[in-house]
Amino acid sequence: QASPLLLILVPTRELAVQISDQVRDLLAKTDVTHMAVYGGETTSEQVSVINRTQIDVMVATPGRLLDLIDSPKVSLMFVRSL
């Protein structure tokens, strides 16, 4: 189960991809992990990444975030910044 420390909530898939690219560049030389979750991609691929690693920073669209919370593959208990 992913328990991100930072959640970046965005309204569209396109914005999620753009912000995720920026986050990737900012975190390139750190051990901080990140991923983007959004509709239009298969949930199983995103869940596979969640199952393999702890996610520190998550960029998410509301619909997919709710899907993952309900599944329950994501917990927001440890989010420190939104």
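Our structure is the block above this text.
Here's a quick rundown of the structure. (Residues numbered from 1 in each chain as written. Predicted model: local features only at pLDDT ≥ 70, side-chain atom pairs only at ≥ 80, totals over all residues. Heavy atoms only, no water.)

Moving on: helix H3 (residues 62–70). Taken as a whole, H3 has its buried residues at Arg64, Leu65 and Leu68. What you see down the axis of H3 is that its buried residues fit within an arc of 100°, all on one side. Away from its buried face by more than 90 degrees, H3 exposes Leu66 and Asp70. In the core, the buried residues of H3 are packed alongside strand S1 (6–9), strand S2 (34–37), helix H2 (43–52) and strand S3 (57–60). (Buried < 20%, exposed > 50% of the residue type's maximum accessible area, 1.4 Å probe, protein only. Helix = DSSP H or I, 4+ residues; strand = E, 2+ residues; numbered from the N terminus. Arc of directions from axis to C-beta. Contact = heavy atoms within 4.5 Å.)

Looking now at the environment of valine 49. If you trace the backbone, valine 49 turns up in helix H2. Classification of valine 49 as partly exposed rests on a relative accessible area of 24%. As for valine 49 and methionine 35, which are separated by 14 residues in sequence, their C-alpha atoms are 8.4 Å apart. Leave out the neighbours within four places in its chain, and valine 49 touches Met35 and Ile55.

For the rest of this paragraph, the subject is helix H1 (residues 13–26). Each α-helix turn comprises 3.6 residues. Residues three or four places apart therefore point the same way. Over its 14 residues, H1 extends 20 Å from the first C-alpha to the last, a length consistent with the 20 Å expected when each residue adds 1.5 Å. Listed in full, the buried residues belonging to H1 are Ala16, Ser20 and Val23. Buried residues of H1 fall within an arc of 65° about the axis and therefore sit on the same side. Looking at the packing, one finds that the buried side of H1 touches S1, S2 and S3. (Expected span 1.5 Å × (residues − 1).)

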